[in-house]
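Architecture and fold: a report
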Amino acid sequence: MGKRIFTFGLLTVSLLLATGQSSAKNPLDRYFGATIKGKILVASPTISDKRFRQSVILMVDHDVDGAFGLIINKPLYSIKKNTLFDKLNLKHEPDENFITIFYGGPVDPKLGFVIHEAEYSIDATRRVTDEISVSPERDVILAMAKGEGPKRYVFALGYSGWLSGQLEFEMRRGDWQTAPANLEIVFDDSHHTKWQRARKMQYQTL
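So, a few notes on the structure that sits alongside this text. Note on numbering: residues in each chain are counted from 1, in written sequence order. For this predicted model, a pLDDT threshold of at least 70 governs which residues receive local features, and a threshold of 80 or more governs which side-chain atom pairs are given and counted, while totals over whole chains, interfaces and linings are taken from all residues. Side-chain figures throughout are based on the complete set of non-hydrogen atoms in the structure, without hydrogens or water.

Quick notes on the overall build of the protein
Quick note on the threshold: Strands here are runs of E lasting at least two residues and helices are runs of H or I lasting at least four, both read from the DSSP assignment and numbered beginning at the N terminus. Relative accessible area decides the class of each residue, using a 1.4 Å probe on protein chains only: under 20% of the type maximum gives buried, over 50% gives exposed, and in between gives partly exposed. A contact between two residues is defined here by any heavy atoms of the two lying within 4.5 Å. The Shrake-Rupley method, run with a 1.4 Å probe sphere, supplies the accessible areas, and residue values consider only the shown protein chains as cover.
Looking only at helices and strands, the protein features 6 helices and 10 strands. Scored against the burial criterion, the 206 residues of the protein give a buried share of 50%. A fraction of 68% describes how many contacts in the protein between residues 6 or more apart in sequence connect residues 24 or more apart. For the protein, the accessible surface area stands at approximately 10,300 Å², while carbon and sulfur atoms represent 50% of it.

Re the pairing of strand β2 (residues 56-63)
For the record, the criterion: Only strands joined by at least two bridges in the DSSP assignment are considered to pair.
Of all 8 residues in β2, 8 are buried; the element is thus mostly enclosed. With 3 bridges connecting them, strand β1 (residues 39-43) and β2 associate as antiparallel partners. Its bridge partner lying in β2, V42 is registered against V56. Sheet analysis places β2 next to strand β3 (residues 66-71), joined by 6 bridges and oriented antiparallel. Across the sheet, the residue bridging to I57 is I71, located in β3. Here β2 folds back onto β3, and the loop between the two strands holds 2 residues.

Focus on the pattern of salt bridges
Here is the rule we go by: Basic side-chain nitrogens of Lys or Arg form a salt bridge, by our definition, when they fall within 4 Å of a carboxyl oxygen of Asp or Glu.
One pass over the structure, following the stated rule, counts 8 salt bridges. For the salt bridge of D49 with R51, the shortest nitrogen-to-oxygen distance reads 2.7 Å. A relative accessible area of 33% places R51 in the partly exposed class. Here R126 ties to D61 by a salt bridge, and the two come within 3.5 Å at their closest N and O atoms. Placement of R126 in strand β7 (residues 126-127) and of D61 in strand β2 is noted, with a sequence separation of 65 residues between them.

Some words on helix α6 (residues 194-201)
Our working definition: Summarising the geometry, the arc corresponds to the directions from the helix axis toward the C-beta atoms.
Those residues of α6 lying buried are K194, W195 and A198. On an axial view of α6, the arc spanned by its buried residues comes to 90°, and they lie on one face. Looking at the buried positions of α6, the neighbouring elements they touch are β1, β2, β10 (176-180) and α5 (183-187).

Quick notes on the packing of aromatic side chains
The condition is simple: Note on ring pairs: Phe, Tyr and Trp rings are taken, using the six-membered ring of Trp, and paired if centres are within 6.5 Å. Classes follow the plane angle, with under 30 degrees stacked, over 60 edge-to-face and the rest tilted.
For the structure on display, the rule yields 7 aromatic pairs. Aromatic pair F52 and W162: ring centres 6.4 Å apart, planes at 40°, arrangement tilted. Here W162 lies in strand β9 (residues 153-163) and F52 lies in the loop between β1 and β2, a separation of 110 residues in the sequence. Of the two residues, F52 and W162, neither departs from the other in class, the shared state being buried. An angle of 65° between the planes, with centres 5.0 Å apart, marks the rings of F68 and Y159 as edge-to-face. Remark: Y159 occurs in strand β9 and F68 occurs in strand β3; sequence separation between them is 91 residues.

Thoughts on the nonpolar core
Note the threshold: Joining through side-chain atoms within 4.5 Å is the link that ties buried Ala, Val, Leu, Ile, Met, Phe, Trp, Tyr and Cys residues into a set, and such a set is a nonpolar core.
One finds L41, L70, I115, L167 and W176 to be the most contacted residues of the largest nonpolar core, which totals 41 residues. Considering every element that reaches this core, the biggest residue donor is β2, with 5 residues. Membership of the second largest hydrophobic core comes to 15 residues, among which are F85, I99, Y120 and I141.

Topic: the pairing of strand β5 (residues 98-103)
Remember that side chains alternate between the two faces of the sheet whenever the strand is regular. One ladder, built from 5 bridges, connects strand β4 (residues 75-80) with β5; its direction is antiparallel. What sits directly across from Y77, in β5, is I101. For β5 and β9, the ladder comprises 3 bridges, and the chain directions are parallel. Bridge pairing links Y103 to L157 in β9.

By themselves, these observations are geometric and do not establish any function.
This is how it looks when you write it as structure tokens:
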């Protein structure tokens, strides 16, 4: 898995999330087949690389230029919202609930994203499916401090990226299969069973 080249930081991630709208005729059709944007990428049991072993990845983008996704089943740590807001010097109402931070992938590990239900949307939000969107982490934290923000969400640090044609090669080699982006797989708290459940749902290889 290589690094797909993106040039953005926390304050400019909206450039990634706000662009890339697909055309009526998908250019991928000439090269690789249908896009897997909006699907879940499920690691094969043969993947031994610890960065991706037993990973379940929500595919945020996939086109002729490459692919971009966020791992949703590898929690790193949990932090109280009160503690997070205080660390960021944000005014907020008391909130003792926890936020779990996930390992989104090996690329740019300080860059944060939030996967959330599509009913919540801001200017920088990128729609992934009819039910799921992705927004920059910073914007969502600011909203939460005001008592706003999405109801269901997954915070991720870093992302998983592939250069043009690289993911398609790995899928043909049998490293990955895909499954529907089921809301319960994406958002529920049974993190350590997501891979097993996603494997039962898988339905496609390239």
